[in-house]
Amino acid sequence: MAEAIVITSGKGGVGKTTTTANLGTALALLNKKVCLMDTDIGLRNLDVVMGLENRIIYDIIDVAQGRCKLKQALIKDKRFDYLFLLPAAQTSDKNDLTPDSVVEMIAELKKEFDYIIIDCPAGIEQGYKNAVAGADHAIVVTTPEKSSVRDADRIIGLLEHEEISSPKLVINRIRNHMMKSGDMLTIDEVVQVLSIDLLGIVADDEDVIKASNRGEPVAFQPNTKASISYRNIARRILGESVPLQSLEDEKGVFSKVKRFLGMRN
Amino acid sequence: MVLKNQYVMIKGTRDGLTLFLDDSCSFNDLLDELDKTLSHDEFDEDQAMITVKIHLGNRFLHKEQDEQLRTLIRQRNKLVVQGIESNVISKAEAIQWKEDSEVRVVSKTIRSGQVYQVQGDLLLIGDINPGGTVKATGNIYIMGALRGVAHAGINGNRQAVIIASFMKPVQLRIADLYSRAPDYETEGVYMECGFIDESEKILIDRLQLVAKKRPELNGFERSVLNG
């Protein structure tokens, strides 16, 4: 059964696109057929992070407006046979896409893929509505900053009105030494306020920036902090189909990453 | 001084006059009789104003009838209507009463950007996050953390209180007053209540104090008795 997962945050710059690219890569590494869908019309980034910018011919607006078939717009990743990207348009704006057309596209993609991961634009307007329209699940990305947590809270509130299962939380850009010194919200504080299940935490790792500038998601690398985090999250997503194990699984991931972060100090 | 009439009985007390009006005759008869009765009495120019309380018994007055009655009495100089009391109320008022005195139990998290409003008292089982707001015409009880805004007594009830298991509000509002969090970072407090004190300011104190400050908080009767 195919699943469509929207990656959202409300606030910009917390790592939605990076999370989308890396979860897609990590799921592909686990032999899943994955399609990444960029709904950030006018500000497309996902293709750049994936290093596939030079391959774009048609985009999501071309599909929505019937200028091409969905399959023509899909770009195969250069590293995996089972990883595809449906790029956003750079020249249109967000109103050119409608929730209905997104729902239609996702329904078609579900026939081909195991996972459709939707990169949501920042904000809570039309772009957000398009992105969540066809999603079955949602992952809310936040950083341990007050403003980011506030926006994540708003998004979680809005997601309650959608036909989406309870969203899961990814805390990104964690700086362990700042958390320990009390200069940053701790993981517990963030989880307590948002009161949703924690799917994973990702350290603020320079390798993420290096990798994304090279157009190669960090999850590809075997042993950086961030890549392990992302691959753990991917495993957790797969684990969701086994509800009884999910809690232990999460604990495992959590303590593993925590132990890993602990080594740093 | 007791004047006995067919439909109108007047009793004089230290505080003024009390009119007991018959509740079985027609309203027009009542007005006629009252008019006559009042015109018997002569009031001196230098006499102080006399307050009049009216007891209607089991009679229900419409808005217009209420106004008619008040004008009639006001026409006599020196008489001021202090209040009209009746043993009966309309269904609508009764329902309003019930709603205002009911405790609504809600279990959810009020998140940033969400506003939750109820008639009567609110018992929230869950948190109010920063940026979230709850409003109630009555009291607000929160079994969870209050990190957002709570507004009790929105229709002007200054007796309303806000009670939370964990209190770290952005703002507390009661009736037309509000208080905000200090500009410095605070820890938040457990088991506290907010209420308006004698100095007309919102005070936050241990919730055990509620029993002293708002003894009328117990049960349904308080609303009925207080009106």
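The name recorded for chain B in an unreviewed UniProt entry is Probable septum site-determining protein MinC, from Amphibacillus marinus. For the record of chain B, the UniProt heading Subunit (unreviewed entry) holds the text "Interacts with MinD and FtsZ."

Chain A appears in an unreviewed UniProt entry as Septum site-determining protein MinD from Amphibacillus marinus. Under Sequence similarities (unreviewed entry), UniProt gives the following word-for-word description of chain A: "Belongs to the ParA family. MinD subfamily."

### As for the sheet that holds strand β10 (residues 140-146) of chain B
All names here are of chain B. Pairing is mixed in the open sheet, where 6 strands are placed in the order β6-β8-β10-β12-β15-β16. Two strands in the sheet have a free side with no partner beyond their single neighbour: β6 (103-106) and β16 (202-206). Adjacent strand axes in the sheet meet at a mean angle of 25°, parallel and antiparallel pairs treated alike.

### So, the interface of chain B and chain A
For an interface, size is often stated in terms of accessible area lost upon the parts coming together. Counting from both sides, the interface comprises 11 residues of chain B and, opposite them, 12 residues of chain A. Approximately 940 Å² of surface area, both sides summed, lies buried where chain B meets chain A, with 35% of it carried by carbon and sulfur atoms. Viewed at the interface, chain A and chain B are joined by 3 salt bridges. Between R111(B) and E160(A) there is a salt bridge, with its nearest N and O atoms 3.5 Å apart. Viewed at the interface, chain A and chain B are joined by 8 residue pairs in polar contact (both at pLDDT 80 or more).

### What to know about the UniProt feature "domain: Septum formation inhibitor MinC C-terminal" (unreviewed entry) in chain B
In the numbering used here, UniProt assigns the feature "domain: Septum formation inhibitor MinC C-terminal" (unreviewed entry) to residues 105-204 of chain B. Helix makes up 0% of residues 105-204 of chain B and strand 51%, with an end-to-end C-alpha separation of 23 Å.

### Re the pairing of strand β3 (residues 16-21) of chain B
All names here are of chain B. Along β3, 5 of the 6 residues are buried, which leaves the element largely enclosed by surrounding structure. In terms of strand pairing, strand β2 (residues 8-13) meets β3 through 6 bridges, oriented antiparallel. In the strand pairing of β3, T13 is matched with G16. Between β2 and β3, which pair antiparallel in sequence order, lie 2 residues.

### Some details on the domain arrangement of chain B
Here the domain parsing of chain B yields domain 1 (2-85) and domain 2 (96-218). The C-alpha centroid of domain 2 of chain B is placed 43 Å from the C-alpha centroid of domain 1 of chain B.

### Quick look at the pairing of strand β8 (residues 121-125) of chain B
All names here are of chain B. Relative to β8, β6 runs parallel, the two being bridged by 4 bridges. Each residue of the ladder has a partner; that of V105, found in β8, is L123. Strand direction decides the pairing type here: β8 and β10, joined by 4 bridges, are parallel. Residue pairing for β10: L122 is matched across the bridge by I140.

### Section: the packing of aromatic side chains
Counted under the stated rule, the structure contains 3 aromatic pairs over all chains. When the centroid spacing of 5.5 Å and the interplanar angle of 65° are considered together, the rings of F84(A) and F113(A) count as edge-to-face. Of this pair, F84(A) sits in strand β4 (residues 83-86) while F113(A) sits in the loop between α5 (99-112) and β5 (115-119), and the two are 29 residues apart along the sequence. Residue F113(A) is classed as buried on the basis of its relative accessible area of 6%. Ring centres of F166(B) and Y190(B) lie 4.8 Å apart, and the angle between their planes is 55°; on these two criteria the pair is classed as tilted. Remark: Y190(B) occurs in strand β15 (residues 189-196) and F166(B) occurs in strand β12 (residues 162-167); sequence separation between them is 24 residues. We classify F166(B) as buried; its relative accessible area is 14%. Seen from the ring of F220(A), R79(A) lies directly overhead, with NZ or CZ sitting 5.4 Å from the centre.

### Observations regarding the pattern of salt bridges
For the structure on display, the rule yields 22 salt bridges over all chains. In this structure, the salt-bridge partner of R67(A) is D62(A), at a minimum N-O distance of 2.7 Å. Ionic contacts of the salt-bridge type, sharing partners, join the residues K146(A), K168(B) and E185(B) into one network.

### Quick look at the side chain of N22(A)
All names here are of chain A. Structurally, N22 is set in helix α1 (residues 16-29). Since its relative accessible area comes to 1%, N22 is described here as buried. Within polar-contact distance, the side chain of N22 engages the backbone oxygen of T18 at 2.8 Å. Within the local environment of N22, its side chain forms a polar contact with the backbone nitrogen of A219, the two atoms lying 2.8 Å apart. Among residues more than four places away in sequence, those in contact with N22 are P217, V218, A219 and Y230.

### Digging into helix α1 (residues 27-40) of chain B
All names here are of chain B. In this model, α1 (14 residues) spans 20 Å end to end at C-alpha, consistent with the 20 Å of a helix rising 1.5 Å per residue. For α1, the complete set of buried residues consists of F27, L30, L31, E33, L34, T37 and L38. Buried residues along α1 sit against β2, β3, α2 (63-75) and β5 (79-85).

About the thresholds
Residues numbered from 1 in each chain as written. Chains lettered and ligands numbered in written order. Predicted model: local features only at pLDDT ≥ 70, side-chain atom pairs only at ≥ 80, totals over all residues. Heavy atoms only, no water. UniProt positions renumbered as here; feature names shortened; annotations may be inferred. Pairing = 2+ DSSP bridges. Helix = DSSP H or I, 4+ residues; strand = E, 2+ residues; numbered from the N terminus. Axes fitted to C-alpha atoms, helices over the stretch in contact; angles between N-to-C directions. Contact = heavy atoms within 4.5 Å. Buried area = accessible area lost by both parts, 1.4 Å probe. Salt bridge = Lys/Arg side-chain N within 4 Å of Asp/Glu carboxyl O. Polar contact = N/O pair within 3.5 Å; in protein donor to acceptor, adjacent residues only side chain to side chain. Buried < 20%, exposed > 50% of the residue type's maximum accessible area, 1.4 Å probe, protein only. Domains from an automatic or database assignment. Phe/Tyr/Trp six-rings, centres within 6.5 Å; stacked < 30°, edge-to-face > 60°. Lys NZ or Arg CZ within 6 Å of the ring centre and 35° of its normal. Expected span 1.5 Å × (residues − 1).

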